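Topology and contacts: notes
Residues per chain, in single letters:
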Amino acid sequence: MNLPYFYEENIQQPVHVLSEETSKHCVQVLRMKAGEQLQLTDGKGSLFTATIINADKKHCGVRIESTAKYQPQTTTISVAISLLKNPARFEWFLEKATEIGVNEITPLICDHTEKEHFRYDRMHNILISAMLQSRQTWLPHLHQPKKFNVFINEDFDGIKLMAHCVEEEKKSINQITAASKNKLILIGPEGDFSVGEINKALEKNFVPVTLGNTRLRAETAGIVAAALLVNMG
């Protein structure tokens, strides 16, 4: 059976005092006691196995017994996706993208974006929960929302893709053969990217791609793209 698994941003050795939130979950919710073991990650590739030495519901102390270090993926998978009118749908995307193994997520504000409010702390906690649920040790990097025109002018060392619904010649993601390079894909809002945005992205060497024969919701498109890119290696 897997040990209980928690995220702590800064983990001290050989003895670490858990945050109040984690302490409460261990001691009050799971009713863990001194002598029982758990696992911790800092979201930066480290996995710690620890033993509870002081089962305090606010300041639970643990002793680090062993540490394992996991290397990051050799390529970075980045998804830049518009904020959505329904925040629950955007939260669903964040959760599933984390489980799939996306490394970097940038919320976009596009011409057709209907809702620009973004609760960073809530969204960050969703990533943490999804990382723990899927028992990963690397937490995706979540950026603050960026204007589309600002974002596409930023440097990116890798392949830049764009999924949109305008009828034109597009490649399938499966035709993108440079598996060793970093990959970035743009996903638009419910009303798709504007023609002006598409033209600006093409000028910045984004390659238009198709995600299949059906028209997908924005959050579904983000997940399909993420899965395809992660599985390219």
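Our structure's up above, just so we're on the same page.
Residues numbered from 1 in each chain as written. Predicted model: local features only at pLDDT ≥ 70, side-chain atom pairs only at ≥ 80, totals over all residues. Heavy atoms only, no water.

1. Here we look at the sheet that holds strand S3 (residues 37-41)
- Strand order across the open sheet formed by 5 strands is S1-S3-S4-S5-S2, with mixed pairing between neighbours. Edge strands, defined here as strands with exactly one partner in the open sheet, are strand S1 (5-7) and strand S2 (15-17). If you compare each strand with its neighbour and ignore which way they point, the axes differ by 40 degrees on average.
- Sheet topology note: the strand S4 (residues 46-54)/strand S5 (residues 61-69) ladder contains 8 bridges and is antiparallel. (Pairing = 2+ DSSP bridges. Helix = DSSP H or I, 4+ residues; strand = E, 2+ residues; numbered from the N terminus. Axes fitted to C-alpha atoms, helices over the stretch in contact; angles between N-to-C directions.)

2. Quick word on the pairing of S3
- Counting buried residues in S3 gives 4 out of 5 residues, a clear majority hidden from the surface.
- For S1 and S3, the ladder comprises 3 bridges, and the chain directions are parallel. Bridging from a neighbouring strand, Tyr-5 pairs with Gln-39 of S3.
- Judged from the 5 bridges that link them, S3 and S4 form a sheet pairing that is antiparallel. Each bridged residue has a counterpart across the sheet, and for Gln-39 the counterpart in S4 is Thr-49.
- Hairpin connection, S3 to S4: the antiparallel pair is bridged by 4 residues, and Gly-43 has positive phi, about 75 degrees. (Buried < 20%, exposed > 50% of the residue type's maximum accessible area, 1.4 Å probe, protein only.)

3. Observations regarding the side chain of Glu-219
- Mapping Glu-219 onto the fold places it in helix H6 (residues 218-231).
- Among the polar contacts made by the side chain of Glu-219, one reaches the side chain of Arg-89 at a distance of 2.9 Å.
- For Glu-219, the residues in contact, after removing those within four places along its chain, are Ile-81, Leu-84, Arg-89, Trp-92 and Phe-93. (Polar contact = N/O pair within 3.5 Å; in protein donor to acceptor, adjacent residues only side chain to side chain. Contact = heavy atoms within 4.5 Å.)

4. So, the nonpolar core
- Judged by nonpolar contacts, the single largest core of 41 residues is most densely connected at Leu-94, Ile-185 and Ile-187.
- Elements that contribute at least two residues to this core include exactly S1, strand S6 (77-82), helix H2 (87-100), strand S7 (104-109), helix H3 (120-133), strand S10 (158-163), strand S12 (182-187) and H6.
- With 7 residues, H6 is the largest single contributor of residues to this core.
- In terms of nonpolar packing, the next biggest core, distinct from the first, is built from 14 residues, Ile-11, Leu-18, Met-32 and Cys-60 among them. (Core = buried A, V, L, I, M, F, W, Y, C linked by side-chain atoms within 4.5 Å.)

5. Description of the packing of aromatic side chains
- In the structure shown here, the tally under the stated rule is 4 aromatic pairs.
- Arranged with centres 6.2 Å apart and planes meeting at 65 degrees, the rings of Phe-118 and Tyr-120 form a pair that is edge-to-face.
- Its relative accessible area of 23% is what places Tyr-120 among the partly exposed residues.
- Connected via pairs of aromatic rings, a cluster forms that spans Phe-90, Phe-93, Phe-118 and Tyr-120. (Phe/Tyr/Trp six-rings, centres within 6.5 Å; stacked < 30°, edge-to-face > 60°.)

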